[in-house]
Amino acid sequence: MMSDRPAIALLGPGAIGTTIAATLHEAGRTPLLCGRTAHPQLTLRDDDGEVVVPGPVLNDPAAVSQPVDLLFVAVKTTQDADSARWLAQLCDENTVVCALQNGVEQQNQLAPYVKGATVVPSVVWFPAQREADASVWLRAKPRLTLPDVPAARRIADALSGTRCAVELSGDFLSIAWRKLLQNAAAGLMVLANRRAGMFRRDDIAALTLAYLHECLTVARAQGAVLGDDVPQEILAGFQRSPADLGTSILADRQANRPLEWDIRNGVIQRYGRAKGIPTPVSDVLVPLLAAGSEGPG
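Quick summary incoming for the structure in this document. (Residues numbered from 1 in each chain as written. Predicted model: local features only at pLDDT ≥ 70, side-chain atom pairs only at ≥ 80, totals over all residues. Heavy atoms only, no water.)

## Structural notes on the sheet that holds strand β3 (residues 41–46)
In a beta sheet, neighbouring strands pair by backbone hydrogen bonds and run either parallel or antiparallel. Within the open sheet, the four strands sit side by side as β4-β3-β10-β9. Their pairing is mixed. Either end of the sheet is taken by a strand with one partner, and the two such strands are β4 (49–54) and β9 (128–130). Geometrically, the sheet is characterised by an average inter-axis angle of 20° between neighbouring strands, direction not taken into account. Sheet analysis places β3 next to strand β10 (residues 136–138), joined by two bridges and oriented parallel. Bridge assignment links L44 to a residue of β10, and that residue is V136. Most of the contacts of helix α1 (residues 15–26) go to β4, to which it runs at about 85°, and overall it touches β3, β4, β9 and β10. (Pairing = 2+ DSSP bridges. Helix = DSSP H or I, 4+ residues; strand = E, 2+ residues; numbered from the N terminus. Axes fitted to C-alpha atoms, helices over the stretch in contact; angles between N-to-C directions. Contact = heavy atoms within 4.5 Å.)

## Observations concerning the sheet that holds strand β1 (residues 8–11)
Overall, parallel pairing links the five strands, which are arranged β2-β1-β5-β6-β7 in an open sheet. Of all the strands in the sheet, just β2 (32–34) and β7 (118–121) have a single pairing partner and so form its edges. Neighbouring strand axes in the sheet, compared pairwise and without regard to direction, differ in orientation by 20° on average. Pairing between β1 and β2: three bridges, direction parallel. The residue bridging L11 from the neighbouring strand is C34, located in β2. Each of β1, β5 (70–73), β6 (96–99) and β7 touches helix α4 (residues 152–159); the most contacted strand, β5, lies at about 85° to it.

## Here's the deal with the nonpolar core
Counting 38 residues, the largest nonpolar core has W177, L181, F199 and I268 as the members making the most contacts within it. Only α5 (172–192), α6 (202–221), α7 (230–240), α8 (248–254), α9 (261–275) and α10 (280–294) provide two or more residues apiece to this core. With nine residues, the top contributor of residues to this core is α5. Beyond its immediate stretch of four places on either side in the chain, F199 contacts A185, L188, M189, I204, A205, T208, L235, F238 and Q239. Of all hydrophobic cores here, the second largest spans 33 residues; its members include I8, A21, L33 and V96. (Core = buried A, V, L, I, M, F, W, Y, C linked by side-chain atoms within 4.5 Å. Buried < 20%, exposed > 50% of the residue type's maximum accessible area, 1.4 Å probe, protein only.)

## Observations concerning unusual backbone geometry
Residue P56 follows G55 across a cis peptide bond; omega there is 5°. For the bond from G295 to P296, the omega torsion is 0°, close enough to zero to count as cis. Structurally, P296 is set in the segment after α10. Residues other than glycine seldom take positive phi values, yet K115 does so here, at roughly 55°. One can find K115 in the loop between α3 (106–110) and β7. Backbone geometry at N256 places phi at a positive 60°, although glycine is not the residue there.

## Considering a nonpolar patch on the surface
On the surface, L191, V284 and L288 cluster together into a nonpolar patch covering about 260 Å² of accessible area. If you trace the backbone, L191 turns up in helix α5. (Patch = residues over 30% accessible without salt bridge, like charges linked within 9 Å, V, L, I, M, F, W, Y side chains within 5 Å. Areas by Shrake-Rupley, 256 points an atom, 1.4 Å probe, with all protein chains shown as cover. Salt bridge = Lys/Arg side-chain N within 4 Å of Asp/Glu carboxyl O.)

## Observations regarding the pairing of strand β11 (residues 143–147)
β11 sits mainly inside the fold: four of its five residues count as buried. For strand β8 (residues 123–124) and β11, the ladder comprises two bridges, and the chain directions are antiparallel. Opposite V123, over in β11, you have T145 as the bridge partner. In this structure, β11 lies alongside strand β12 (residues 165–169), joined through five bridges in parallel fashion. Along β12, the bridge assignment pairs P147 with S169. In the classification by handedness, the crossover that spans β11, the intervening α4 and the parallel β12 is right-handed. (Right-handed = clockwise from strand over helix to strand, strands pointing away.)

## Concerning α5
End to end, α5 covers 32 Å across 21 residues, agreeing with the expected 30 Å (1.5 Å per residue, within 8%). Among the 21 residues that make up α5, 16 are buried, leaving the element largely enclosed by the rest of the structure. Following α5 by one or two positions, N193 adopts a phi angle in the positive range, close to 55°. (Expected span 1.5 Å × (residues − 1).)

In structure tokens, the structure reads:
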């Protein structure tokens, strides 16, 4: 059980992490802030103003004296191994870890590093982007979906009464795969070096639908219950978005950082091959994303 004043920490104060930190701070539950770079504070902006979360952001795991009750992990999956020292300091078998990460493999990705903690995967449903001044711009109301399991209650309690809505789902698998399809389609933005406005082109729309139908077949083979209309719904969502709306994988490419290509796109190809499902779009897209991430050249 959590104490009356549970120890909450956030690892990875990027766009998503800053949003969660600000959400907790507004409710008087300011988390311990941990990351690669020291900052005196975090700033979240939205249409209603800004929230400043007092720091500092710790950048040395040795500064953490004991494990916490609840840890929000918002580092990219490409940074899991580099975060091993943080996770070892912040976690023990009594910790609940909320993985604010992309993909459908969050538990397996984090399990080697969390010292027996319970990892609860999540689906993050809000766009937030880091600005040039290191502040974060939140462009929609924050919302999380979690599996309806006992450990998720600790997360829901921490976020109760805040601006972040929390849904506990009895079919988390299907919801996680639906979000993965959305993230997979966003990979096309990397290759075009364009934001969401590109999906209004007829040729990109056709390519996106072809890819999403491929992804849907794989998702269903993994047990996801998703309707035939999901590809069109996802495409329509991109088409309704502001033309300048980006995505984290595009931001990483433009900054020449490693890409989460495997857990967002490679997973479709990997699982498709394991099930004997043809993945012709993935077979072109995945090598190009991998090369864009890792070179050489």
